[in-house]
Amino acid sequence: MDVNLVLRSTRVITPEGTRPASIAVSGETIAAVLPYDAEVPDGARLEDVGDDVVLPGLVDTHVHVNDPGRTEWEGFWTATRAAAAGGITTLLDMPLNSLPPTTTVENLRVKQEVARSKAHIDVGFWGGALPDNVKDLRPLHDTGVFGFKCFLSPSGVEEFPELDQEQLATSLAEISGFDGLMIVHAEDPHHLAAAPQRSGGAYADFLASRPRDAENTAIENLVNQARRLNARVHVLHLSSSDALPLIAAAKAEGVKITVESCPHFLTLTAEEIPDGATEFKCCPPIREAANQDALWQGLADGTIDCIVSDHSPSTADLKTPDFASAWGGISSLQLGLPAIWTEARRRGHTLEDVVRWMSEGPARLAGLTRKGAIEAGRDADFAVLAPDATFTVDPAELQHRNRITAYAGKTLSGVVTSTWLRGERIVDRGTLAEPTGRLLERNN
Ligand SMILES: [Zn+2]
């Protein structure tokens, strides 16, 4: 293999641990991870990043790009720029909030066409499972979606209705017939309907309207369905730590279930949210500090498999100060890595843990065998991080379209100094290259 690039650092995070190394890159692929002082092959360029840490490019499997259809909220151009600036080299787009939603092959083609020229990083697509599109699931699978998202409670947009338990069983049976994956927004609609609904700016009222029991019950039902149908399921954006024991028990007995959580649940707490601050609104909601401690325990013991952004932006006018009516969604593509690293370090975790949760874990979830690790044969995707450098979040420096953020004013550790996609530097100290991202299809 002709090596054309050597990326050298005193700290390269590989599956075997962190060590000084020279990563030999041939075209788009990692050719070898060599000793630090290995001779640079003839014709290869050396890039020495010193003591900055080289991580495998992050993989974010939960992003709402909303393109086409709601491009005033976001779009592939801005979303992938924000992701690249945050050290993410692969994202998977959620099937809803775009118009059309990704619920038929025809709609998938529309979305791929829109994304193609705007993608600064590699982009793949989840399909959607609706009450009336069971016949579309296999064709979507055959066309390369990575799995299917469904809701068990109202999604917030009328074109993407939720499944009841019977419809969930029907879709799960269909999907497990081709060994597909169902990813689930797990909040039980009956518990939500029974919860007190009070409008206004008080965060405590909003929190009471999305109780932990709604998550716990939905996850319990999902475990039962997955067990009965031998189906592969994934719990999206886990917030309620009460569900961890039942998830751990399901995993131990062999139920095919995986779980993600998100930077906002792991770094922000209900106690700190000011009244009317709906940039903190998402569903399920950010809960109390003690809940957050338990989620970190779930990460540490492996019950939670990965951390992904659930970047779900909107225009500022939809973030009214009323928690009941404001659009729910937190924008964090660019900030997930420093937010998580800051908190992980405080809790005694390492950057290797962060890589496991934010690169390796999501890549495994999506079956992205060329992503998620620095080892020979994988794509030469890297995030280079100055782990001790700090910065204060200034919304004006964010790349996503509507610069609303729950992290404004926070001081975070970890500055992404460069991002590399398949052997090319796409971010260099905040300066972004022209888009070279590729559209990905499921490869198994
Ligand atoms: Zn989402």
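Residues numbered from 1 in each chain as written. Predicted model: local features only at pLDDT ≥ 70, side-chain atom pairs only at ≥ 80, totals over all residues. Heavy atoms only, no water.

So, the coordination of the zinc ion
Reasoning step 1: Those donors, His62 (NE2), His64 (NE2) and Asp310 (OD), are the protein atoms that reach the zinc ion, and they lie 2.1 to 2.2 Å from it.
Reasoning step 2: Read in sequence order, the donor residues for the zinc ion give the motif H-x1-H-x245-D. Of this pair, His62 sits in strand E6 (residues 58–63) while Asp310 sits in the loop between strand E14 (306–307) and helix H11 (336–346); the two residues are 248 residues apart in sequence, bridging distant segments of the chain. We note that His62, like Asp310, is buried. (Donors = N, O, S within 2.8 Å, 3.2 Å for Na, K, Ca; no water. Helix = DSSP H or I, 4+ residues; strand = E, 2+ residues; numbered from the N terminus. Buried < 20%, exposed > 50% of the residue type's maximum accessible area, 1.4 Å probe, protein only.)

Some remarks on the domain arrangement of the protein
Reasoning step 1: Splitting the protein by domain gives domain 1 (5–54 + 379–432) and domain 2 (58–366).
Reasoning step 2: Relative placement of domain 1 and domain 2: their C-alpha centres are 26 Å apart.
Reasoning step 3: A combined buried area of about 3,100 Å² lies between domain 1 and domain 2, and 63% of that area is made up of carbon and sulfur atoms.
Reasoning step 4: There are 3 salt bridges connecting domain 1 and domain 2.
Reasoning step 5: With its nearest N and O atoms 2.7 Å apart, the salt bridge here joins Asp388 to Arg345. (Domains from an automatic or database assignment. Buried area = accessible area lost by both parts, 1.4 Å probe. Salt bridge = Lys/Arg side-chain N within 4 Å of Asp/Glu carboxyl O.)

Quick look at the packing of helix H2 (residues 105–116) against helix H3 (residues 134–143)
Reasoning step 1: Between H2 and H3, the least distance of the axes is 9 Å, while the angle of their chain directions is 35 degrees. Of H3, the residues touching H2 (which contributes Val105, Leu108 and Arg109) are Pro139, Leu140 and Thr143.
Reasoning step 2: Here the contact of H2 with H3 is composed, by residue class, of 4 nonpolar, 1 polar and 1 charged. (Axes fitted to C-alpha atoms, helices over the stretch in contact; angles between N-to-C directions. Contact = heavy atoms within 4.5 Å. Nonpolar A, V, L, I, M, F, W, Y, C, P; charged D, E, K, R; others polar.)

Digging into the side chain of Asp136
Reasoning step 1: Looking at where Asp136 falls in the secondary structure, it is placed in helix H3.
Reasoning step 2: Polar contacts involving the side chain of Asp136 include one to the side chain of Lys135, which spans 3.2 Å.
Reasoning step 3: Beyond its immediate stretch of four places on either side in the chain, Asp136 contacts Thr103 and Thr104. (Polar contact = N/O pair within 3.5 Å; in protein donor to acceptor, adjacent residues only side chain to side chain.)

Side note on the nonpolar core
Reasoning step 1: Grouped together as the largest cluster of nonpolar side chains are 94 residues, with contacts concentrated most on Leu55, Phe148, Met182, Leu238 and Ile286.
Reasoning step 2: Sequence-distant contacts of Met182, that is, excluding residues within four places in its chain, are made with Ala129, Phe148, Cys150, Leu163, Leu168, Ser171, Leu172, Ile175, Arg232, Val233 and His234. (Core = buried A, V, L, I, M, F, W, Y, C linked by side-chain atoms within 4.5 Å.)

Here's the deal with the state of the cysteines
Reasoning step 1: Taken as a whole and judged by the stated rule, the model has 0 disulfides.
Reasoning step 2: With no disulfide of its own, Cys282 lies 6.7 Å from the sulfur of Cys283, the closest cysteine sulfur.
Reasoning step 3: For Cys282, a relative accessible area of 4% corresponds to the buried category. (Disulfide = S-S within 2.5 Å.)

Re the pattern of salt bridges
Reasoning step 1: Inspection of every chain in the model, using the stated rule, returns 30 salt bridges.
Reasoning step 2: Taking the shortest distance from any N to any O, the salt bridge between Arg438 and Glu28 comes out at 2.7 Å. Taken as a pair, Arg438 in the segment after strand E18 (431–432) and Glu28 in the loop between strand E2 (17–26) and strand E3 (29–35) lie far apart in primary sequence, 410 residues in all.

Considerations on the sheet that holds strand E9 (residues 127–128)
Reasoning step 1: Ordered by their spatial adjacency, 6 strands build an open sheet running E9-E10-E11-E12-E13-E14, and the pairing between neighbours is parallel. Each edge of the sheet is formed by a strand with only one pairing partner; in this case those strands are E9 and E14.
Reasoning step 2: Sheet topology places strand E12 (residues 232–235) next to strand E13 (residues 257–261); 3 bridges connect them, and they run parallel. From the neighbouring strand, His234 faces E13, where its bridge partner is Thr258.
Reasoning step 3: The strands that helix H7 (residues 212–229) touches are strand E11 (181–185), E12 and E13; relative to E12, the one it contacts most, it runs at about 165 degrees. (Pairing = 2+ DSSP bridges.)

Looking at the environment of Ser22
Reasoning step 1: Structurally, Ser22 is set in strand E2.
Reasoning step 2: Taking the C-alpha atoms as reference points, Ser22 and Arg8, 14 residues apart in sequence, are found 4.3 Å from one another.
Reasoning step 3: If near-sequence neighbours (up to four positions away) are discounted, Ser22 is found in contact with Val6, Leu7, Arg8, Ala32, Val33, Leu34, Pro35 and Tyr36.
Reasoning step 4: A distance of 2.8 Å separates a polar atom in the side chain of Ser22 from the backbone oxygen of Tyr36.

Re helix H1 (residues 76–85)
Reasoning step 1: Summarising burial for H1: 9 of the 10 residues are buried, a large majority.
Reasoning step 2: Of the residues making up H1, those classed as buried are Phe76, Thr78, Ala79, Thr80, Arg81, Ala82, Ala83, Ala84 and Ala85.
Reasoning step 3: On its buried face, H1 is in contact with strand E7 (88–93), H2, strand E8 (122–125), strand E16 (411–421), strand E17 (424–428) and E18.
Reasoning step 4: Gly87 sits one or two positions beyond H1 and adopts a positive phi of about 90 degrees.

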